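Chain by chain, the residues:
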Amino acid sequence: MPSKARVIGYIPLDRGLRAKSRVSKLLDVTRAKDDADRVKKLAIAVKAFNHHDKDTHDADIKSGAISIVCNVLRSCSPFFIAKSKEVQHLCKILLQLFRCNED
């Protein structure tokens, strides 16, 4: 049975895959107390995803990282200008995730 996390939207994730990846850093972003905390946690996630290991990016994608990023980005959508730093970090994470294998 997939686990439910208290995040933006329902994101079923395999706990085993989540534990082995950096997706937990993205889940921390969804649990941020306020905008400043969210930006801080996004900066940490950007650093965690900034590598060139294609297999690791594949694992992150399989464990639901893109869904989480899209849900966080959707929560920022009415406030793109006011939350430009958050949007910038989220776009960086998406670009880093797509350094995966071509399959």
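Residues numbered from 1 in each chain as written. Predicted model: local features only at pLDDT ≥ 70, side-chain atom pairs only at ≥ 80, totals over all residues. Heavy atoms only, no water.

Turning next to the side chain of Gln-96. Of note, Gln-96 is situated in helix α6 (residues 84-97). In this view, Gln-96 contacts Val-46, Phe-49, Asn-50 and His-57; residues no more than four positions away in its chain are not counted. (Helix = DSSP H or I, 4+ residues; strand = E, 2+ residues; numbered from the N terminus. Contact = heavy atoms within 4.5 Å.)

In summary, soluble globular proteins display a tendency toward joint burial of nonpolar side chains. Counting 19 residues, the largest nonpolar core has Leu-26, Phe-49, Val-69, Leu-90 and Ile-93 as its most contacted members. Only α2 (23-30), α3 (35-49), α5 (65-76) and α6 provide two or more residues apiece to this core. (Core = buried A, V, L, I, M, F, W, Y, C linked by side-chain atoms within 4.5 Å. Buried < 20%, exposed > 50% of the residue type's maximum accessible area, 1.4 Å probe, protein only.)

What follows covers α2. Inspection of α2 places Val-23, Leu-26, Leu-27, Val-29 and Thr-30 among the buried residues, and these make up the whole buried set. Buried residues of α2, seen end-on, are gathered within an arc of 150° and therefore sit on one face of the element. (Arc of directions from axis to C-beta.)

The next subject is the pattern of salt bridges. Under the defined criterion, the tally for this structure stands at 3 salt bridges. Here Asp-28 and Arg-31 are joined by a salt bridge, their closest N and O atoms 3.8 Å apart. Take Asp-28: its relative accessible area is 36%, and that puts it in the partly exposed class. The shortest N-O distance in the salt bridge between Asp-37 and Lys-41 comes to 3.6 Å. (Salt bridge = Lys/Arg side-chain N within 4 Å of Asp/Glu carboxyl O.)

As a packed pair, α3 and α6 sit with axes 9 Å apart at the nearest point and diverge in direction by 20°. Judged by the angle between their axes, α3 and α6 are roughly parallel. Crossing angle aside, the handedness with which α3 passes α6 is left-handed. For the pair formed by α3 and α6, the contact residues are Asp-35, Arg-38, Val-39, Leu-42, Ala-43, Ala-45, Val-46 and Phe-49 on the first element and Lys-85, Glu-86, His-89, Leu-90, Lys-92, Ile-93, Gln-96 and Leu-97 on the second. Taken together, the residues of the contact of α3 with α6 break down into 9 nonpolar, 2 polar and 5 charged. (Axes fitted to C-alpha atoms, helices over the stretch in contact; angles between N-to-C directions. Parallel < 35°, antiparallel > 145°, perpendicular 65-115°, else oblique. Left-handed = near helix turned anticlockwise from the far one by under 90°. Nonpolar A, V, L, I, M, F, W, Y, C, P; charged D, E, K, R; others polar.)

This part covers the confidence of the model for the protein. Per-residue pLDDT for the protein averages 76, and the proportion of residues at 70 or more is 75%. Confidence drops under pLDDT 50 across residues 1-12; counting only partners more than four residues distant or on other chains, this segment forms 23 contacts. (pLDDT = per-residue confidence, 0-100.)

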